[in-house]
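A structural walkthrough
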Amino acid sequence: MSQHRHPGAPGRAGAVPALPDLPEATVARLPEYLRALHNLAETGNETISSEGLANAAGVNSAKLRKDLSHLGSYGTRGVGYDVTLLIEQIEYVLGLTQRRAVALVGVGNLGHALAGYDGFAGRGFRIAALLDADPARVGEEINGLVVQHVEELPRVAAEESIAIGVIATPAAAAQRVADQLVAVGVTSILNFAPCVLSVPDGVDVRKVDLAIELQILSFHEHRKASLTALPAAGGSALTALPGGLAVTESQEAIGT
């Protein structure tokens, strides 16, 4: 496990904390724990058991304990986890001890909604710039920010120290925008466009595709309907699949 040390992280007085190289699955769950911890803190909870935090975050307690052990946080037997300390530890590991400036490119319907979302500020992010290629959008004010032309990105990135780029453009424009972000030194991109981006090594891309999430839910609806339609006893009906294949409903239901 590769580690580097940071003297400014939370921890015991005099200790030199380590920043672990965490598994991706653990990194993906830490924000869920952090959200649950903030809710607990807001309702006056000073400590929380692993079972209580796991329930609040929607995971099993064994997985939560393993995830938090990567942070060097094991809780106290009979007491649980210190909520405030655990918030500090997770925020440090996620790099949320400083507010990161975000540039949002594309202020159509989705981009407009993202620009107006107040939840970013409370989680360590500052929407510093709104950009669009449509002259009709340039000059529009959204949530206190004026939309600028995307060609202003080099100047904006330098002035605002942009750390993260958010792409909310149509798919046809997304790759060009990604190239522009990379060219001005942005190495973290959140992509809402329904396409796969090509970026250099060292650039991290997270993709959010709402249509894909709906298709996954459609699969589960299909599966539940298949289970409901299974014969009450004995035989098994055949379901025709595209391409001339056929499976029994029981096979369809379990994915075999």
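Data block above holds the structure.
Keep in mind that what you see is a predicted model, and the values were worked out from it rather than measured.

Scanning the model with the defined rule gives 9 salt bridges in all. We note a salt bridge from Arg 126 to Glu 160, for which the minimum N-O separation is 3.2 Å. Within this pair, whereas Arg 126 is found in strand S6 (residues 125-132), its partner Glu 160 is found in helix H6 (residues 153-160), the two being separated by 34 residues in sequence. Judged by relative accessible area, Arg 126 falls into the partly exposed class, the value being 32%. Classification of Glu 160 by relative accessible area gives partly exposed; the value is 29%.

Here we take up the pairing of S6. Among the 8 residues of S6, 6 are classified as buried, and the element is accordingly described as predominantly covered. Looking at chain direction, strand S5 (residues 100-105) and S6 are connected through 6 bridges and run parallel. Bridge pairing in S6 places Leu 104 opposite Leu 130. Crossover handedness for the path S5 to helix H5 (residues 109-115) to S6: right-handed.

The rules behind these values
- Residues numbered from 1 in each chain as written.
- Predicted model: local features only at pLDDT ≥ 70, side-chain atom pairs only at ≥ 80, totals over all residues.
- Heavy atoms only, no water.
- Salt bridge = Lys/Arg side-chain N within 4 Å of Asp/Glu carboxyl O.
- Helix = DSSP H or I, 4+ residues; strand = E, 2+ residues; numbered from the N terminus.
- Buried < 20%, exposed > 50% of the residue type's maximum accessible area, 1.4 Å probe, protein only.
- Pairing = 2+ DSSP bridges.
- Right-handed = clockwise from strand over helix to strand, strands pointing away.

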